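Here is what each chain is made of, one letter per residue.
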Amino acid sequence: MNSNKKKVAPVAENTEIKCQFFMLSEFDSPDVPGSGINMQNQTLLLLDRARALAGIPFVINSGFRTEAHNRRVGGAANSTHLRGFAADIRCANRANFELVILALVAVGFKRFGVHHNYVHVDNDPYVPSSTWLYERSNIEQNSRLEFVRAALKMFEFMQRV
Ligand SMILES: [Zn+2]
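It should be emphasised that the depicted structure is a prediction, and the values quoted were computed from it without experimental measurement.

### Description of the coordination of the zinc ion
So, step 1. Protein coordination at the zinc ion comes from His 81 (NE2), Asp 88 (OD) and His 120 (ND1), with a distance range of 2.0 Å.
So, step 2. Counting residues between consecutive donors of the zinc ion along the chain gives the motif H-x6-D-x31-H. Of this pair, Asp 88 sits in strand 2 (residues 86–90) while His 120 sits in strand 4 (residues 118–122), and the two are 32 residues apart along the sequence.
So, step 3. Of the residues examined, Asp 88 reaches a relative accessible area of 4% and is grouped as buried.
So, step 4. Classification of His 120 by relative accessible area gives buried; the value is 4%.

### Observations regarding the sheet that holds strand 1 (residues 60–62)
So, step 1. With mixed pairing, five strands are arranged side by side in an open sheet as 1-2-4-3-5. Where the open sheet ends on each side, the last strands, each with one partner, are strand 1 and strand 5 (130–133). The mean angle between the axes of side-by-side strands here comes to 25°, regardless of whether they run parallel or antiparallel.
So, step 2. Pairing of strand 3 (residues 111–114) with strand 5, which is carried by four bridges, proceeds in the parallel orientation. The residue of strand 5 that forms the bridge with Phe 112 is Thr 131.
So, step 3. Running over the sheet, helix 4 (residues 139–160) touches strand 3 and strand 5 and is turned about 170° from strand 5.

### Some thoughts on a nonpolar patch on the surface
So, step 1. Taken together, the side chains of Met 154, Phe 157, Met 158 and Val 161 present a nonpolar region at the surface, about 470 Å² in accessible area.
So, step 2. As for its position among the elements, Met 154 is in helix 4.
So, step 3. Judged by its relative accessible area of 51%, Met 154 is exposed.

### Considerations on the state of the cysteines
So, step 1. Taken as a whole, this structure holds zero disulfides when the rule is applied.
So, step 2. Here Cys 19 is not disulfide-linked; the sulfur of Cys 91 is the nearest cysteine sulfur, at 18 Å.
So, step 3. Overall, the relative accessible area of 18% leaves Cys 19 in the buried class.

### Concerning the packing of helix 3 (residues 94–107) against helix 4
So, step 1. The geometry of helix 3 relative to helix 4 is characterised by a closest axis approach of 10 Å and an angle of 30° between their N-to-C directions. The pairing of helix 3 with helix 4 is recorded here as roughly parallel in orientation. Of the two elements, helix 3 crosses helix 4, and the hand of that crossing is right-handed. Contacts between helix 3 and helix 4 involve Arg 94, Phe 97, Glu 98, Ile 101, Leu 102, Val 105 and Ala 106 on the former and, on the latter, Glu 140, Ser 143, Arg 144, Phe 147, Val 148, Ala 151, Leu 152 and Phe 155.
So, step 2. Of the residues contributing to the contact of helix 3 with helix 4, the split by class is 10 nonpolar, one polar and four charged.

Quick notes on the rules
Residues numbered from 1 in each chain as written. Predicted model: local features only at pLDDT ≥ 70, side-chain atom pairs only at ≥ 80, totals over all residues. Heavy atoms only, no water. Donors = N, O, S within 2.8 Å, 3.2 Å for Na, K, Ca; no water. Helix = DSSP H or I, 4+ residues; strand = E, 2+ residues; numbered from the N terminus. Buried < 20%, exposed > 50% of the residue type's maximum accessible area, 1.4 Å probe, protein only. Pairing = 2+ DSSP bridges. Axes fitted to C-alpha atoms, helices over the stretch in contact; angles between N-to-C directions. Contact = heavy atoms within 4.5 Å. Patch = residues over 30% accessible without salt bridge, like charges linked within 9 Å, V, L, I, M, F, W, Y side chains within 5 Å. Areas by Shrake-Rupley, 256 points an atom, 1.4 Å probe, with all protein chains shown as cover. Salt bridge = Lys/Arg side-chain N within 4 Å of Asp/Glu carboxyl O. Disulfide = S-S within 2.5 Å. Parallel < 35°, antiparallel > 145°, perpendicular 65-115°, else oblique. Left-handed = near helix turned anticlockwise from the far one by under 90°. Nonpolar A, V, L, I, M, F, W, Y, C, P; charged D, E, K, R; others polar.

Given below as structure tokens:
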């Protein structure tokens, strides 16, 4: 018997976790009820923490996506939604957008896609940090993107000092 053999913890995936603010069904791919179970635990935990910080409701436009649903909504072929690392959060107005972004940045998200009525966020470890626009840029869109980048820069700075 090799008593030194260490038990390796299973990858924390696909097990139901308790969120304070979300039901797993909010992350379902609309074509498969119950598929929100495919969300990554760490993603859910960060979203829950950000939601607590922001103090306003996070309406999830899109969480986990099946291949079929991702194609239907025109998602990228390798979308992080397919692996349960992503959420699109509705942002009804600029003030909500800023609060949501600050909270998401504060808990450690580094990938943001900016749309005029939602923000995409993910923590997929297999893709590089990035910020981008979904639509043709205009003054408001650019200003939202600048806000995200400024928030990331400031939190990064605060972690160094
Ligand atoms: Zn998205």
